[in-house]
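Okay, here's what each chain looks like letter by letter:
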Amino acid sequence: MFPSFFGSAVTVHDGQVTVSRDAALASPAMDSLARLAVFGDAEERDYARWLIWELGQATGVRPASVQELYMARGRGEVRGFTVPAINVRGMAYDTARSIFRTAVRMKAGAFLLEIARSEIAYTDQRPGEYVAVMLAAAMREGFRGPVFIQGDHFQVNAKKFAADARAEVDAVKALAREAIAAGFYNIDIDTSTLVDVSKPDLDAQQKLNYEIGIDILETVRDLEPDGVTISVGGEIGEVGSHNSTVEELRAYMEGLNRNLRRGMRGLSKISVQSGTSHGGVVLADGKIADVKLDLDTLERLSRVAREEYGLAGAVQHGASTLPDSAFNNFPKRETAEIHLATNFQNMLFDFLPPALRDEIYAWLRENAKDERKPTDSDEQFFYKTRKKALGPFKRRLWDLPDDAKSRLAKAYDQKFGFLFEQLAVGGTATAVARYVNAPVQHRPVPSEAEVAVAAAPDDADAGE
């Protein structure tokens, strides 16, 4: 019924997949399979996603949790690198291929591929699709080893929480349920939107943050597959607000640890604010404003997180628009993880054929006009809203002309290579192999599967 894709190199019999020749997976046949996993009809799509998953199980390209590597960092057994968490938005398959090419070349294993609650909505990439595309890209490039896929900013929307707290928390739990079933074994719970600085003391300010965070964390722990401890991050202050303090970190962590269910694993890392903002601040001429990054604060928070709470350290969001000269500071300051998103999107739009970019901007003028402020220049308006076109134009971006794809791939390869070098993750495949176990998890063929996990409600306004 379905094409064999890989000829005699792959056999499927009674729901079992056998790979007799690994090299066949790193071929254009994988491109066709990945495309079917995204754009096929329901039956084709489900089969393609299942086959990609099982090929990964057979070859060791499996979704995994970074938990034990991060715990080793908390114990001081590994150090000296900062894990990049890369938000793959547009042209997901091609972008991920570049990341894995870089990883293979540099023997890197400590990097995460992530998508936020908001991005899932506006890029039109549900978790099942995202996992399939990331695994397919890894095998296409000959990568072997655990693949860390992360739910970024699984965030409680403050306005929706104020209107109906239970419904909003349940929506985040539903997303966790969908994502974990798909293979997201790293999740950043973001309840920092509920911090209330008007309260009289730090514990009171952080109380809803840690209480609602624990509520969601309990659901995540209850959903863990056998043999997997999901790496979970918390957040003490919204990115773009005032810089975090050690006292805030302690108030949050003490409250969280004090109220955790007995015997339940807590967090592996903590996101803080040290001067960045998601997407950067765009000026009227389209340039990005300089960022005042407080590296001393970041280093201090990371040290306290490790020494007092056994975490991997602090996490820096909104880092992709920093100047190139900033990135080598993160490993020096022992930052555990940084999140990188907008600059890769900027590169995508820079390399688009002009006619397609003009078409996208015309679409934004009509479909995103309500988001335009009276003071916005065209450059500011398009910079802030063009991410909203990634979903509606997803197929067009997958179908870019080969010459445009080639130019973008070259630029991506250079950028990811630079970042991996600056963040010192080259050679980290050895540490990953030492600490991370990605257990085999076979899935039944779609026709034999139980009822699928329902898709969570969208929230395109949260997070990144």
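Residues numbered from 1 in each chain as written. Predicted model: local features only at pLDDT ≥ 70, side-chain atom pairs only at ≥ 80, totals over all residues. Heavy atoms only, no water.

1. Concerning the overall build of the protein
- Helix and strand counts for the protein come out as 18 helices and 10 strands.
- For 464 residues, the compact-globule estimate of 2.2 N^0.38 gives 23 Å, and the C-alpha radius of gyration of the protein, at 21 Å, lies within 12% of that figure.
- Put simply, the protein has 464 residues, and 59% of those count as buried.
- Taking the intrachain contacts of the protein between residues at least 6 apart in sequence as the baseline, contacts between residues at least 24 apart amount to 79%.
- Of the roughly 18,500 Å² that the protein leaves accessible, carbon and sulfur atoms contribute 48%. (Helix = DSSP H or I, 4+ residues; strand = E, 2+ residues; numbered from the N terminus. Rg over C-alpha atoms; globule rule 2.2 N^0.38 Å. Buried < 20%, exposed > 50% of the residue type's maximum accessible area, 1.4 Å probe, protein only. Contact = heavy atoms within 4.5 Å. Areas by Shrake-Rupley, 256 points an atom, 1.4 Å probe, with all protein chains shown as cover.)

2. A short note on the environment of serine 325
- By secondary structure assignment, the location of serine 325 is in the loop between β9 (314–316) and α12 (329–332).
- With 219 residues separating them in the primary sequence, serine 325 and methionine 106 have C-alpha atoms 21 Å apart.

3. With respect to the confidence of the model for the protein
- With 92% of its residues at a pLDDT of 70 or more, the protein has an overall mean of 92.
- Per-residue pLDDT stays below 50 along residues 277–283; that stretch engages in 25 contacts with residues further than four places along the chain or on separate chains. (pLDDT = per-residue confidence, 0-100.)

4. Digging into helix α8 (residues 165–182)
- Taking 1.5 Å per residue as the helical rise, α8 with its 18 residues ought to reach 26 Å, and the 26 Å between its terminal C-alpha atoms agrees with that figure.
- All buried positions along α8 are accounted for by Glu168, Val169, Ala171, Val172, Lys173, Ala174, Leu175, Ala176, Glu178, Ala179, Ile180 and Ala182. (Expected span 1.5 Å × (residues − 1).)

5. Details of the environment of lysine 394
- Positionally, lysine 394 belongs in helix α16 (residues 394–398).
- Residue lysine 394 is classed as buried on the basis of its relative accessible area, which comes to 9%.
- Separated by 271 residues in sequence, lysine 394 and threonine 123 have C-alpha atoms that sit 7.4 Å apart.
- What lysine 394 contacts, discounting residues up to four positions off in sequence, is Val38, Phe39, Thr123, Asp124 and Glu129.

6. Brief notes about the sheet that holds strand β3 (residues 83–87)
- Here we have eight strands rolled up into a closed barrel, ordered β3-β4-β5-β6-β7-β8-β9-β10, and parallel in their pairing. Pairs of neighbouring strands in the sheet enclose a mean axial angle of 25 degrees, with direction left out of account.
- Summarising the sheet, strand β6 (residues 186–190) and strand β7 (residues 231–235) pair through three bridges and their orientation is parallel. By the bridge assignment, asparagine 186 is partnered in β7 with serine 231.
- Packed on one face of the sheet, helix α6 (residues 127–140) meets β3, β4 (112–116) and β5 (148–155) and runs near 155 degrees to β4. (Pairing = 2+ DSSP bridges. Axes fitted to C-alpha atoms, helices over the stretch in contact; angles between N-to-C directions.)

7. Side note on the pattern of salt bridges
- Throughout the structure, instances matching the rule amount to 39 salt bridges.
- The salt bridge partner of arginine 49 is glutamate 129, with a shortest N-O separation of 3.8 Å. Here arginine 49, found in helix α2 (residues 42–59), pairs with glutamate 129, found in helix α6; they are 80 residues apart in sequence, far enough to count as distant.
- The partner of aspartate 188 in a salt bridge is lysine 269, with the nearest N and O atoms 3.0 Å apart. Linking aspartate 188 in strand β6 with lysine 269 in strand β8 (residues 269–272), this pair joins segments that are 81 residues apart in sequence. Accessibility classification places aspartate 188 together with lysine 269 in one group, the buried group.
- A single salt-bridge network, built from bridges that share partners, covers Asp31, Arg97, Arg101, Arg140, Glu141 and Asp413. (Salt bridge = Lys/Arg side-chain N within 4 Å of Asp/Glu carboxyl O.)

8. Quick word on the packing of aromatic side chains
- By the definition in use, this model includes 17 aromatic pairs.
- With a centroid separation of 5.3 Å and an interplanar angle of 85 degrees, the aromatic rings of phenylalanine 39 and tryptophan 398 are classed as edge-to-face. Residue phenylalanine 39 is found in helix α1 (residues 28–39), and its partner tryptophan 398 is found in helix α16; the two are separated by 359 residues along the sequence.
- Accessibility expressed as a relative area gives 18% for phenylalanine 39, which makes it buried.
- With a relative accessible area of 8%, tryptophan 398 lands in the buried category. (Phe/Tyr/Trp six-rings, centres within 6.5 Å; stacked < 30°, edge-to-face > 60°.)

9. Here's the deal with the packing of helix α10 (residues 246–259) against helix α11 (residues 295–309)
- Running from N to C, α10 and α11 cross one another at 30 degrees; their axes reach a closest spacing of 10 Å. It follows from the interaxial angle that α10 and α11 lie roughly parallel. Relative to α11, the crossing made by α10 is right-handed. Across from Val246, Leu249, Arg250, Met253, Glu254 and Asn257 in α10, the residues of α11 making contact are Arg300, Leu301, Val304, Ala305, Glu308 and Tyr309.
- Of the residues contributing to the contact of α10 with α11, the split by class is seven nonpolar, one polar and four charged. (Parallel < 35°, antiparallel > 145°, perpendicular 65-115°, else oblique. Left-handed = near helix turned anticlockwise from the far one by under 90°. Nonpolar A, V, L, I, M, F, W, Y, C, P; charged D, E, K, R; others polar.)

10. Focus on the environment of asparagine 437
- Tracing the sequence through the fold places asparagine 437 in the segment after α18 (429–435).
- According to the relative accessible area criterion, asparagine 437 is exposed, its value standing at 56%.

11. Brief notes about the packing of α8 against helix α9 (residues 202–222)
- Viewed as axis vectors pointing N to C, α8 and α9 meet at an angle of 30 degrees, and their least axial separation amounts to 10 Å. Classed by the angle they form, the pair α8 and α9 counts as roughly parallel. The element α8 and its partner α9 pack so that their crossing is right-handed. Across the interface between the two elements, Arg166, Val169, Val172, Lys173, Ala176, Arg177 and Ile180 of α8 pack against Ile212, Asp215, Ile216, Thr219 and Val220 of α9.

12. Examining the side chain of glutamine 125
- Its location among the elements puts glutamine 125 in the loop between α5 (117–122) and α6.
- According to the relative accessible area criterion, glutamine 125 is buried, its value standing at 2%.
- A polar side-chain atom of glutamine 125 sits 3.1 Å from the main-chain carbonyl oxygen of arginine 89.
- Look past the residues within four positions of glutamine 125 in its chain and what remains in contact with it is Val88, Arg89, Ala92, Ile115, Ile120 and Tyr130. (Polar contact = N/O pair within 3.5 Å; in protein donor to acceptor, adjacent residues only side chain to side chain.)

13. Focus on unusual backbone geometry
- For lysine 107, which is not glycine, the phi torsion reads 55 degrees and is therefore positive.
- Examined against the element boundaries, lysine 107 turns out to sit in the loop between α4 (92–106) and β4.
- Under the relative-accessibility criterion, lysine 107 is labelled exposed at 59%.

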